[in-house]
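# Structure assessment
For reference, the chains in residue letters:
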Amino acid sequence: MSISAPIVQPAKGPNSLSRITPDLLKIELRRNTLLLLVPFMVALVWFSPLVRDLGNLALWPDRSAGMQNGLQGLGPFVAGVAAWMAGRERRRKMDDLLATTPRPPWLREITIWAATTLWSLLFYSLMAALVLVITWQQATWGGPYAGPFLVGLLALPAFSALGFTLGHFLPGRFTPALVAVGAFAIMGVGMKAALNGTNWAYLMPIYPNVSTNALWYGSTLDLAIVQALFLLGVTGLSLGSIGLDFHKPFQGRGRMAYTAASRPALVTGIIGLVLIAMSVALVSSSDTTAYQADLLGVRIPVFGSHGLLKDQLYSTDLYGVEIPSFGDTSQPAAMPYSPVCGTDPLPVCVHPAYQPDLSRISAQFNSLARPLLGLTGAPVRAEQRPPEPGKSDSGIITEGSEQVLVFPPFSIGDPNETLYAWEVAENLAGFDPSRSAPPEAAQQAQDAFALYLMDQAGISLPSIMSKLDANVTAAEKRFAALNPQARQDWLRAHYLQLVQGQVKLEDLP
Amino acid sequence: MSIRSEADIMSKISSSGEMRLTLLFLRSRQAPRTLLLLAAIGIAAILWLSWDTAGEITLLMLPILAPLAAASVIGVATASPFGENEVIVSRPLWTWRLAHLMGLLLTGSLVVALAVSSWDLPYVGQSVVRNLAGFTGLSLIASWLLGSAISWSIPFAYAVFVLLLPKPDAIPIWAWPLSAGNDLPASLAAGALLLVGLCLVTWRGTRDNIREAA
């Protein structure tokens, strides 16, 4: 008689793998530290510029770029938590016990990463949905830009993977804190490098891939695609390196033996590395300085000329970063639109996206231009125009037989609102940066008149203009104290001369 | 053996025991590693300053991030690997806890102040020391509230919030990390936070999971 013991077959094949992974993921989702820290994530977003801007004028480029801006606090925070989660088994001295389980350890680790990432993505998606819904209700022109949302959704897995990898290789109690602060610092350094015109720094996930001027010139997905490739690469390389730590690709003494278990990790890591290299190569090909040289017809050295950084920035800021490999980098044409105009005595026309601010912009412009209405040489309407490199974005121009006051895009409530109002007052007084400056005495007369326009409109001077020449302020007080009829008569007779720089300060009555 | 020499021996045993306990306490808190990390933070700050000293991002971020990193390390360093076992010892724990924290705080202050000493910015030394004190206070409060492992979360979230604030004309007292180093109300606010944090951790300890000791 023989006794046969029941044979227990170990679970094998993809079926058992696919069965166990969701269960493991459910457990990890329930036991993730990120859940405990949701209130901090809410606070990080709630007090971020993204939510603060929801009360301002809704422009799709700004709101879309804000989704990348929102990563500033969230990304490093997720990286820190992922670093903490990665060291969990080792901190609890579970390594030996878990090594006896039949599942591949890389899969087990990735499940912890996936749970952390899924919670962060869920949070980010809710935040994005909220911003989209609110902006959809507020915006009067255009639609969302896909680039920032794509980068936001890929950045969180990358932050999480990077933090997780650091936590895996350095599983100490200090790692999460230093990963979070370090990631935040690296993004700050990256932004600084990007503002200095260093191309690789455009890969930072918080560098906006949509410029504010997308409203006027449209936007390409160039930078968004390169940023996405980079983030996928970081995720792949990070996760692959963890897999290679568990399954060493080459083992054996004195000879190199390839182990099949390491193949997925090796492939993931190599793909990640290739994607990173590709994105770095692509972003390096973006030569915004040379691009601007073509744009302005001026030969500008490509790099190393510190004095040209401001111009270079201007170009990048104006049109966003374009990658030559993706096609034409010639000057984009302004997108067509039908302006909306106010009905005040001085009609003010703005881009339809600025329609919610039209009544307030019109009221401000009309209060500034009130003493000039109907005078020879005074503007008959004001028009908002897109910014163009090499051209003054504000001033009085002649179109046909009419004088038109052109002004750059700005919104009421902008921190520089009073500065823009001062610029308009100066333009109305004759200041035009595209013309050669009049003699100093004539400039002072224009300043005094601009000051009068601000005063009579009840707009306070911007703080940077508070130190005007005493003679100018005295002349303004003298002019403001005039009898209204006498002042109007003088303006009728001398406004054109004042604008043309032919009136000196002492000529003001 | 005379009575006097016996007392001497007992005294020597007692003082060597005290020293041994102190060293064990410091080892349990990973004090050597903490000091190394504080030094590394100082070196990182010096490297940053050797790269850029006048940029807007550097002016805004470095006086906050260097103390934040040091404070986060100090907060995490409060973790005890013994849990409740430690609470039942016959010696008063608060003296060791206080001495340990004060030592780290002094070292951290010295490190961040030295790191920025070559920076030609008014009151930057006072500013980083004040910020270190305030962030350490927040970190210690978080250690008591959430546990030392994630004690960095509160000062980190607060620092990000402050860094992303629009630049106000007058800095409110609750945004003390942004104030100049000679701003007395800001220093008092940071000092008050440190005092609260020190009191909580010194008297009550941290909310730590003994299984998470690393």
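Residues numbered from 1 in each chain as written. Chains lettered and ligands numbered in written order. Predicted model: local features only at pLDDT ≥ 70, side-chain atom pairs only at ≥ 80, totals over all residues. Heavy atoms only, no water.

On to the overall build of chain A, then. Assigned secondary structure in chain A consists of 21 helices and 7 strands. Residues classed as buried in chain A amount to 50% of the 509 residues present. Within the structure as shown, chain A displays about 23,600 Å² of accessible surface, and the carbon and sulfur contribution to it stands at 62%. (Helix = DSSP H or I, 4+ residues; strand = E, 2+ residues; numbered from the N terminus. Buried < 20%, exposed > 50% of the residue type's maximum accessible area, 1.4 Å probe, protein only. Areas by Shrake-Rupley, 256 points an atom, 1.4 Å probe, with all protein chains shown as cover.)

Moving on: the state of the cysteines. Residue and element names in this part refer to chain A. Applying the stated criterion across every chain, the model contains 1 disulfide over all chains. The side chain of Cys341 participates in a disulfide bridge whose partner is Cys349; the two sulfur atoms lie 2.0 Å from each other. Since a negative S-S torsion denotes a left-handed disulfide, the Cys341-Cys349 link at about 110° is right-handed. Residue Cys341 is classed as partly exposed on the basis of its relative accessible area of 40%. On the accessibility criterion, Cys349 (6% relative accessible area) is buried. (Disulfide = S-S within 2.5 Å.)

Residue-level contacts link 36 residues of chain A with 40 residues of chain B. The largest share of the area that chain A buries against chain B comes from Arg173, Phe174 and Phe184 of chain A, three residues that together contribute 24% of it. Where chain A meets chain B, there are 1 salt bridge. In this structure, the salt-bridge partner of Asp52 of chain B is Lys192 of chain A, at a minimum N-O distance of 3.6 Å. Where chain A touches chain B, the interface holds 2 residue pairs in polar contact (both at pLDDT 80 or more). Residue assignment for the side of chain A that touches chain B shows that the elements contributing at least two residues are helix H2 (33–36), helix H3 (38–46), helix H4 (49–52), helix H6 (71–86), helix H7 (88–91) and helix H11 (175–195) of chain A. Within the side of chain A that touches chain B, the residues separate by chemical class into 23 nonpolar, 6 polar and 7 charged. (Contact = heavy atoms within 4.5 Å. Buried area = accessible area lost by both parts, 1.4 Å probe. Salt bridge = Lys/Arg side-chain N within 4 Å of Asp/Glu carboxyl O. Polar contact = N/O pair within 3.5 Å; in protein donor to acceptor, adjacent residues only side chain to side chain. Nonpolar A, V, L, I, M, F, W, Y, C, P; charged D, E, K, R; others polar.)

In this section: the sheet that holds strand S3 (residues 340–341) of chain A. Residues and elements named next belong to chain A. Judged by pairing direction, the sheet is mixed, and its 5 strands sit side by side in the order S3-S4-S5-S7-S6 without closing on themselves. With one partner strand each, in any of the chains shown, S3 and strand S6 (395–399) form the two edges of the open sheet. Note: S6 against strand S7 (residues 402–407), 5 bridges, orientation antiparallel. Considered in S7, the bridge of Thr398 is made with Gln403. Each of S3, strand S4 (348–350), strand S5 (381–384) and S7 is contacted by helix H17 (residues 355–369), which is oriented at about 150° to S4, the strand it contacts most. (Pairing = 2+ DSSP bridges. Axes fitted to C-alpha atoms, helices over the stretch in contact; angles between N-to-C directions.)

What characterises a pair of aromatic rings is the spacing of the ring centres plus the angle enclosed by the ring planes. In the structure shown here, the tally under the stated rule is 21 aromatic pairs over all chains. Taken together, the ring pairs in this structure connect Phe47 of chain A together with Phe135, Tyr158, Phe161, Trp174 and Trp176 of chain B into an aromatic cluster. (Phe/Tyr/Trp six-rings, centres within 6.5 Å; stacked < 30°, edge-to-face > 60°.)

Turning our eyes to something else, we now look at the nonpolar core. Counting 126 residues, the largest nonpolar core has Met67 and Phe77 of chain A together with Leu65, Phe135, Trp152, Phe156 and Trp176 of chain B as its most contacted members. Here this core takes 13 residues from helix H3 (residues 56–76) of chain B, the largest share from any one element. Filtering out sequence-adjacent residues up to four positions away, Trp152 of chain B remains in contact with Phe77, Gly80, Val81, Pro176, Ala177 and Ala180 of chain A together with Ser72 and Val76 of chain B. Within the second largest apolar cluster, 51 residues are counted, among which are Trp422, Ala445, Ile459 and Leu508 of chain A. (Core = buried A, V, L, I, M, F, W, Y, C linked by side-chain atoms within 4.5 Å.)

This part is about empty space enclosed by the protein. Residues and elements named next belong to chain A. Counting across every chain of the model gives 3 cavities of 30 Å³ or more. Those elements that place two or more of their residues in the lining of the second largest cavity are H3 and H6. The residue inventory of the lining of the second largest cavity, partitioned by class, reads 5 nonpolar, 3 polar and no charged. (1 Å grid on protein atoms, 1.4 Å probe; cavity = no way out; pocket = protein on both sides within 12 Å on 5 of 7 lines; lining within 4 Å. Points joined across faces, edges and corners; volume = space filled by probe spheres on them.)

Moving on, we get to the pairing of S5 of chain A. All names here are of chain A. Pairing of S4 with S5, which is carried by 2 bridges, proceeds in the parallel orientation. Across the sheet, Val348 pairs through a bridge with Ala382, a residue of S5. The parallel pair S4 and S5 is bridged by H17, and the resulting crossover is left-handed. Where S5 lies against S7, 4 bridges are found, and the strand directions are parallel. Counterpart to Gln384 in the pairing with S7 is Phe407. (Right-handed = clockwise from strand over helix to strand, strands pointing away.)

This part covers the environment of Glu18 of chain B. All names here are of chain B. Along the chain, the position of Glu18 falls in helix H1 (residues 3–28). In the structure, Glu18 is positioned 73 residues away from Arg91 in sequence and 9.8 Å away in space, judged by C-alpha atoms. If we skip the residues at most four places from it in the chain, Glu18 touches Arg91 and Trp96.

The next point concerns a nonpolar patch on the surface. Residues and elements named next belong to chain A. Nonpolar side chains collect at one region of the surface, where Leu35, Val38, Val42, Trp46 and Phe47 lie side by side and expose about 440 Å² of accessible area between them. Among the elements that take part in the nonpolar patch, H3 stands out by supplying 3 residues, more than any other. With respect to the helices, strands and loops of the structure, Leu35 is situated in helix H2. (Patch = residues over 30% accessible without salt bridge, like charges linked within 9 Å, V, L, I, M, F, W, Y side chains within 5 Å.)

Here the focus is helix H5 (residues 60–69) of chain A. Residue and element names in this part refer to chain A. Counting buried residues in H5 gives 8 out of 10 residues, a clear majority hidden from the surface. Along H5, the positions that sit buried rather than exposed are Trp60, Pro61, Arg63, Ser64, Ala65, Gly66, Met67 and Gln68. Considering only its buried residues, H5 is in contact with H4, H6, helix H9 (105–138), helix H10 (146–169), helix H12 (214–217) and helix H13 (222–246).

In this section: the side chain of Ser120 of chain A. Residue and element names in this part refer to chain A. Residue position: Ser120 is located in helix H9. Judged by relative accessible area, Ser120 falls into the buried class, the value being 0%. Looking at Ser120, its side chain comes within polar contact range of the main-chain oxygen of Thr117, at 2.7 Å. Apart from residues no more than four positions distant in its own chain, Ser120 is found in contact with Leu34, Met41, Val78 and Leu156.

This next bit is on the confidence of the model for chain B. Summary statistics for chain B give a mean pLDDT of 87 and a share of 88% for residues scoring 70 or more. Two summary scores accompany this predicted model of the complex, namely pTM at 0.82 and ipTM at 0.89. (pLDDT = per-residue confidence, 0-100.)

Once that is clear, we can look at the pattern of salt bridges. All names here are of chain A. Scanning the model with the defined rule gives 9 salt bridges over all chains in all. The partner of Glu383 in a salt bridge is Arg385, with the nearest N and O atoms 2.7 Å apart. According to the relative accessible area criterion, Arg385 is partly exposed, its value standing at 25%. By sharing partners, the salt bridges in this structure join Arg381, Glu383, Arg385, Glu399 and Glu402 into a single network.

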